[in-house]
Amino acid sequence: MGRVLFITSFKGGVGKTTVSANLSALLARMGHKVLAVDGDMGMRCMDMALGDESGCVYSVADVLAGVCPPERAVVESGSVKGLYFMASPAQKPEIMPDREKFLSLFRKLREEYDYVVIDSSAEETPYYLSFAACADDAVVVCMHQSISVRAAEKTGLRLQEMGFRSVRLAVNCYRASLARAGELPTVAQMIDGSAIRLIGVIPRDDNVVIDQERGLTAFGAGRRRVSAYEAALYNIACRVTGENIPLLYNVDPPKNKKRYPRVNA
Ligand SMILES: Nc1ncnc2c1ncn2[C@@H]1O[C@H](COP(=O)(O)OP(=O)(O)O)[C@@H](O)[C@H]1O
Ligand SMILES: [Mg+2]
């Protein structure tokens, strides 16, 4: 039985789509069968983040509306084996499907995939709530700055009210030197401020934007060295699968790059 992860935050631009795409790709590279679902209705962009823009004809909205069966809306990634995705519609659908339609879709998807990763919107819409109702675990993505921590705290509280038992914090765009200099909050301050347990700290890396522009996910660029960004996401993927990796492993830039774990890309 697969697990459904809800990647979220009430703040836009914090890295929800980037984390969803890269985490999905990494879980697939680790040998799992993974479906990434674009839950940001009307704001289709997961297909671009995964580099498979041309493949989607049907969307998750078509499946929920009964226009097509789930398998017709699933696109197989051309670059990562074991990775599949379901796009969101380019326009927000006018009719909101019943909650039961969502639940029954995700019951089916759980049987088919090891992990289903939902990339949420930043707004608490009826779609947001219905996708959330289908998920087992939530990951709140939080940029390395205090206003984002405030949004994470709010998000975490709402997720608890919705009944999530497992809510974890992914700090994104972390800049260790600025935290050390006291310019930006430390990881401990972010955990305190958001009141959410940590799942990992992802450094800021300009290559992320460049790779995304080229439709590449983590480990897909074929670089000889594993970047700190890739290593951080890999560690998060391992924690998602239940592996016990120290939470602050590699959070400060390592002097010895050999510390980074490698996966077969
Ligand atoms: N760790 C990172 N380092 C550098 N840029 C990042 C990182 N994570 C995300 N970004 C960039 O930040 C921007 C917003 O990310 P996105 O995933 O679209 O956020 P959201 O889905 O929360 O709105 C994108 O341009 C993305 O490439
Ligand atoms: Mg997004």
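Look a little higher up for the structure.
This text gives an overview of the structure that appears in the document. (Residues numbered from 1 in each chain as written. Chains lettered and ligands numbered in written order. Predicted model: local features only at pLDDT ≥ 70, side-chain atom pairs only at ≥ 80, totals over all residues.)

## Regarding the pairing of strand E6 (residues 137–143)
The buried fraction of E6 is high, at six of seven residues. As judged from the seven bridges shared by E6 and strand E7 (residues 166–174), these two strands associate in the parallel manner. Bridging from a neighbouring strand, Asp 137 pairs with Ser 166 of E7. Note that the unit made of E6, helix H7 (residues 146–161) and E7 has a crossover that is right-handed. (Buried ≥ 20, exposed ≤ 12 C-beta atoms within 10 Å, placed from the backbone. Helix = DSSP H or I, 4+ residues; strand = E, 2+ residues; numbered from the N terminus. Pairing = 2+ DSSP bridges. Right-handed = clockwise from strand over helix to strand, strands pointing away.)

## Some words on helix H11 (residues 228–240)
Structural remark: α-helix, 3.6 residues per turn; residues separated by three or four positions point the same way. When the terminal C-alpha atoms of H11 are compared, their 18 Å separation across 13 residues agrees well with the 18 Å that a helix rising 1.5 Å per residue should span. The element H11 is largely enclosed, with a buried count of eleven among its 13 residues. Inspection of H11 places Ala 228, Tyr 229, Glu 230, Ala 231, Ala 232, Leu 233, Tyr 234, Asn 235, Ile 236, Ala 237 and Val 240 among the buried residues, and these make up the whole buried set. Lining the buried residues of H11 we find strand E1 (3–8), helix H1 (16–29), E7, strand E8 (197–203) and helix H10 (206–213). (Expected span 1.5 Å × (residues − 1). Contact = placed C-beta atoms within 7 Å.)

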